[in-house]
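# What the coordinates show
So you can see what is in the structure, the chains are spelled out below.
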Amino acid sequence: MTYITEEYEDCTPLLDDRESLDRFYEEHGYLYLRGVLDRDLVRTAAEQMLEGLVALGAADPKATLDDVTIDSFEGVDEVAMHEYVKYDEFWNHPSTLKLFEQVFGEPVFPFRSTTIRYYPSAAVAEKPSFAHLTPFHQDGFYIGPNKDFRPVWIPLIATTKESGGVALADGSHKRGPREHIVHESYRRFGHPVRGIPADQIAEGETLRHSAMEPGDVLFMHAYTCHKSVPNLSSPSVMRMSMDTRVQPASSHRGYNALTPWVESAKDPSKGIMSKITGTTATAE
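Throughout what follows, the structure given in this document is the object of discussion. Every value quoted in this text rests on a predicted model; they were computed, and no experiment measured them.

We now examine the overall build of the chain. Scanning the chain from N- to C-terminus turns up nine helices and 11 strands. By the compact-globule yardstick of 19 Å for 284 residues, the chain fits well, its C-alpha radius of gyration being 18 Å. The principal-axis extent of the C-alpha atoms belonging to the chain is close to 50 × 40 × 40 Å. Within the chain, buried positions represent 54% of all 284 residues. A separation threshold of at least 6 residues defines the contact pool for the chain, and within that pool the share at least 24 residues apart is 79%. As displayed, the chain has an accessible area near 12700 Å², and 50% of this comes from carbon and sulfur atoms. Between the mean site of the 28 positive side-chain charges and the mean site of the 42 negative ones, the chain shows a separation of 4 Å.

So this is what it looks like as structure tokens:
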């Protein structure tokens, strides 16, 4: 199927218009906001990620954020990397919480589970691997029991259309939950990942993807269909980002909301891992 790929619509001008902001979100299933996060905080998180890559021997000790590269995502100890990036401090910083509450229109609770991503360019690789990326999926398939959370994705350094990021299907949340099948070519923690077949994205659900700057943020609906865009930049640049989920403070807090990533990733019977492994969940 051929998609007409367009850029995200900039929702920043709607921030002070509660009715228009909510209307756009309900219609399109996402909000893209430019330059609304504290860039110094974003820079600090990026530097922490660089520190981790260097300390774990994945990056040159002389590397900077402008020229850092690694051989592969899979070659880095993902659990150990979480010791270096202080993402909880970022998500719960007063300026970040203020933005989240402006978007939600009420007090919020950022999940204690955060994914950090550091993807080198595969443009010149002889046998590029994209197994670490994600196929089309809905976070609401993996996370529950309540579905009023919003996935939040931010770049830590500038991204381009070539270095990738997140592609989302505009308005796809309105059809509700969709079937997720096993995709053998995508793997997480040694298990094939479940996702939505690409041909199940309707023609009218325009695929959107934009270059982003540090300080930009993308919010999505729990049922918005989205996927990773591979890093094929040339000249090559690293793609560094992190994502979490945020929910109303008054809502039920499930397993993934309360459990740090490094703990949840080890338990195949709970939360996201139960859906990846196909085991019966004992907690959501």
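Scanning the entire structure with this criterion turns up 10 aromatic pairs. Both rings, one in Tyr-8 and one in Tyr-30, keep their centres 6.0 Å apart while their planes meet at 50°; by these two values the pair is tilted. Taken together, the residues span a long stretch of sequence, with Tyr-8 in the segment before α1 (18-28) and Tyr-30 in strand β1 (residues 30-33) at a distance of 22 residues. The class for Tyr-8 is buried, based on a relative accessible area of 6%. A relative accessible area of 0% means that Tyr-30 is categorised as buried.

With that out of the way, let us pick up helix α5 (residues 94-104). Turning to α5, its buried residues are Thr-96, Leu-99, Phe-100, Val-103 and Phe-104. In an axial view of α5, the angular spread of the buried residues amounts to 130°, which keeps them on one side of the axis. Seen from the open side of α5, the exposed residues pointing more than 90 degrees away from its buried face are Pro-94 and Lys-98. Remark: Gly-105 follows α5 within two positions and exhibits a positive phi of approximately 80°.

Criteria and thresholds
Residues numbered from 1 in each chain as written. Predicted model: local features only at pLDDT ≥ 70, side-chain atom pairs only at ≥ 80, totals over all residues. Heavy atoms only, no water. Helix = DSSP H or I, 4+ residues; strand = E, 2+ residues; numbered from the N terminus. Rg over C-alpha atoms; globule rule 2.2 N^0.38 Å. Buried < 20%, exposed > 50% of the residue type's maximum accessible area, 1.4 Å probe, protein only. Contact = heavy atoms within 4.5 Å. Areas by Shrake-Rupley, 256 points an atom, 1.4 Å probe, with all protein chains shown as cover. Lys, Arg positive; Asp, Glu negative; His and termini not counted. Charge placed at Lys NZ, Arg CZ, Asp CG, Glu CD. Phe/Tyr/Trp six-rings, centres within 6.5 Å; stacked < 30°, edge-to-face > 60°. Arc of directions from axis to C-beta.

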